[in-house]
Amino acid sequence: MSDLTRLLDRQAGLVARRQLSEHGVHWDDVRTHLRAHRCVVRSPRVVSTFTGELTVVQRRWLGVLHAGPRSMVGGLTAAEHLGLRRWGRDDVTVLVDDELAFEPVEGIDFFRSRRSFELLARPASDGLPTCRLEPAVLMWAGYDATPRAAHAILAAAVQQRLTTPAQLLRWVDLLRPLRRAPAFRATLRDIAGGAQSGAELDVARMCRRFGIRPPDRQRPRLDRAGRRRFTDCEWELADGSTLVLEVDGSFHMEVEHWGADKKRSRRLTTRHRTVVGCTAYEVRHEPEEVARDLLSLGVPAACA
């Protein structure tokens, strides 16, 4: 097997014109194959040795080959390539560490990064040039995502066991300056195991700010299955019933965890006890909405 054949196998059947020149293939030879419909020009700088639609992986290769040797897939493209589920996007994101001195390609977004290429890139291998998971997720969260999605993707990466809160916290420091870094640190501490205490502090702040009576905390209850449960927050309402607020520390729950939480809430609910829920994100970043909903459900004011 020739070096060029191995290169084509490694790059999913795509090759840059500069690589062909390095292997002694002249463009006149390529034109012959083009006329015979044995290869296709995919961009001004890249050809494929096959016809037909590109696969997802081939579109990623097209992006990095078109951008040049100092490029790699980044953002959600890198995260999905490294195993993150349910966060994929159709467009391919490519990071470049030099001027964007090349033609645009439909469906591929090129971004120049001034951060160290060596810091961001995964160790060299025969695979697709890819940004490390942690900086790919954090930079997307910091600069491209909505606030809610930014925090959600951090939880998703940890919940899917692709990284850890400690690793993400380390990269928050390595990527300085990073937009939203203080909020990310707080979220990652919640994910690491401090969600209950962090959420309790946020609930207390919300109650003070909006004049809500502080709740009873960690009250033991028996659910209908006979299991002993401790509720996050409870208020006795004027009609003698009880309202329970359960604060979930995650932002993008796995289906099985979501189902378990719904079952817990259902089994704690009785004719005289209503269970409602919110996320730690809402209590911290959208407290006015949570407070408004609680007051409308009859939670008493602090002075009542």
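About the cut-offs
Residues numbered from 1 in each chain as written. Predicted model: local features only at pLDDT ≥ 70, side-chain atom pairs only at ≥ 80, totals over all residues. Heavy atoms only, no water. Core = buried A, V, L, I, M, F, W, Y, C linked by side-chain atoms within 4.5 Å. Buried < 20%, exposed > 50% of the residue type's maximum accessible area, 1.4 Å probe, protein only. Helix = DSSP H or I, 4+ residues; strand = E, 2+ residues; numbered from the N terminus. Contact = heavy atoms within 4.5 Å. Axes fitted to C-alpha atoms, helices over the stretch in contact; angles between N-to-C directions. Parallel < 35°, antiparallel > 145°, perpendicular 65-115°, else oblique. Left-handed = near helix turned anticlockwise from the far one by under 90°. Nonpolar A, V, L, I, M, F, W, Y, C, P; charged D, E, K, R; others polar. Salt bridge = Lys/Arg side-chain N within 4 Å of Asp/Glu carboxyl O. Patch = residues over 30% accessible without salt bridge, like charges linked within 9 Å, V, L, I, M, F, W, Y side chains within 5 Å. Areas by Shrake-Rupley, 256 points an atom, 1.4 Å probe, with all protein chains shown as cover. Lys, Arg positive; Asp, Glu negative; His and termini not counted. Charge placed at Lys NZ, Arg CZ, Asp CG, Glu CD. Phe/Tyr/Trp six-rings, centres within 6.5 Å; stacked < 30°, edge-to-face > 60°. pLDDT = per-residue confidence, 0-100. Pairing = 2+ DSSP bridges.

S.K.: For the nonpolar core, give the residues involved together with the corresponding values.
M.R.: Grouped together as the largest cluster of nonpolar side chains are 54 residues, with contacts concentrated most on Trp 87, Val 94, Phe 110, Cys 131, Leu 138, Ile 153 and Phe 184. Sorting elements by how many residues they give to this core places helix 8 (residues 147-159) first, with eight residues. Excluding its chain neighbours within four sequence positions, the residues that come into contact with Phe 184 are Leu 138, Ala 141, Gly 142, Ala 150, His 151, Leu 154, Val 172, Leu 178 and Arg 179.

S.K.: Help me get a handle on the packing of helix 7 (residues 133-143) against helix 9 (residues 165-174), residues and values and all.
M.R.: Relative to each other, helix 7 and helix 9 sit at 65 degrees, their axes nearing to 10 Å. Taken as axis vectors, helix 7 and helix 9 run roughly perpendicular relative to one another. In the crossing of helix 7 with helix 9, the sense of the turn from one axis to the other is right-handed. Where helix 7 approaches helix 9, its residues Glu 134, Pro 135 and Leu 138 are matched on the opposing element by Gln 167, Leu 168, Trp 171 and Val 172. Its residues assigned to classes, the contact of helix 7 with helix 9 comprises five nonpolar, one polar and one charged.

S.K.: Would you mind going over the side chain of Glu 246 in detail, with residue names and values included?
M.R.: Relative to the helices and strands, Glu 246 is located in strand 9 (residues 242-248). Once you skip the residues sitting within four places of it in the chain, Glu 246 turns out to touch Thr 231, Asp 232, Arg 264, Val 275, Val 276, Gly 277 and Cys 278.

S.K.: Please provide a residue-by-residue account of the pattern of salt bridges, values included.
M.R.: Between side chains of opposite charge, pairing is possible as soon as their charged atoms come close. Counted according to the given criterion, the structure contains 15 salt bridges. Here Arg 219 and Asp 216 are joined by a salt bridge, their closest N and O atoms 2.5 Å apart. Owing to a relative accessible area of 35%, Asp 216 belongs among the partly exposed residues under this scheme. Put simply, Asp 216, Arg 219, Arg 221, Glu 234 and Glu 236 are held in one network by salt bridges that share partners.

S.K.: How would you explain a negative patch on the surface if you had to name every residue and give the values?
M.R.: A contiguous patch of negative charge, built from Asp 90, Asp 91, Glu 106 and Asp 109, is present on the exposed surface. Among the secondary structure elements, Asp 109 is positioned in strand 6 (residues 108-112).

S.K.: Tell me about the packing of aromatic side chains, and name the residues and values.
M.R.: All chains considered together, the criterion is met by two aromatic pairs. Considering the side-chain rings of Phe 102 and Phe 110, the 4.9 Å spacing of their centres and the 75 degrees angle between planes classify their relative orientation as edge-to-face. As far as burial versus exposure is concerned, Phe 102 and Phe 110 are alike and both buried.

S.K.: Tell me about the packing of helix 7 against helix 8, and name the residues and values.
M.R.: Two numbers describe how helix 7 lies on helix 8: the axes approach to 8 Å, and their chain directions differ by 165 degrees. In terms of axis orientation, helix 7 runs roughly antiparallel to helix 8. In this structure, helix 7 crosses over helix 8, and the sense of that crossing is left-handed. Contact residues: helix 7 offers Val 137, Leu 138, Trp 140 and Ala 141, while helix 8 offers Ala 149, Ala 150, Ile 153 and Leu 154. A class-by-class count of the residues in the contact of helix 7 with helix 8 yields eight nonpolar, no polar and no charged.

S.K.: So what about the confidence of the model for the chain? Which residues, and what values?
M.R.: Here the chain averages 88 in pLDDT, and 92% of its residues register 70 or above. Ranking the helices and strands of the chain by mean pLDDT puts helix 7 first, with 98, and helix 11 (residues 255-268) last, with 67.

S.K.: Go over the sheet that holds strand 6 with me, naming the residues and quoting the values.
M.R.: Spatial strand order, 4-5-6: three strands in an open sheet with mixed pairing. Pairing within the sheet leaves two strands with one partner each, and these edge strands are strand 4 (71-73) and strand 6. Neighbouring strand axes in the sheet, compared pairwise and without regard to direction, differ in orientation by 25 degrees on average. Of the pairings in the sheet, the one linking strand 5 (residues 92-96) to strand 6 comprises five bridges and is parallel in character. Within strand 6, the position partnered with Val 94 by the bridge is Phe 110.

S.K.: Can you lay out the environment of Ala 183 for me, pointing to particular residues and giving the numbers?
M.R.: On the secondary structure map, Ala 183 appears in helix 10 (residues 181-210). Considered as a pair, Ala 183 and Tyr 281 are 98 residues apart in the sequence and their alpha carbons are 10 Å apart. Look past the residues within four positions of Ala 183 in its chain and what remains in contact with it is His 151 and His 285.

S.K.: Account for helix 7, with residues named and values stated.
M.R.: Within helix 7, 10 of the 11 residues are buried, which leaves it mostly tucked inside the rest of the structure. Regarding helix 7, the residues found buried are Leu 133, Glu 134, Pro 135, Ala 136, Val 137, Leu 138, Met 139, Trp 140, Ala 141 and Gly 142.

S.K.: Account for a positive patch on the surface, naming residues and giving values.
M.R.: Residues Arg 224, Arg 227, Lys 263, Arg 266 and Arg 267 make up a contiguous surface patch of positive charge. Tracing the backbone through its elements, the reader meets Arg 266 in helix 11.

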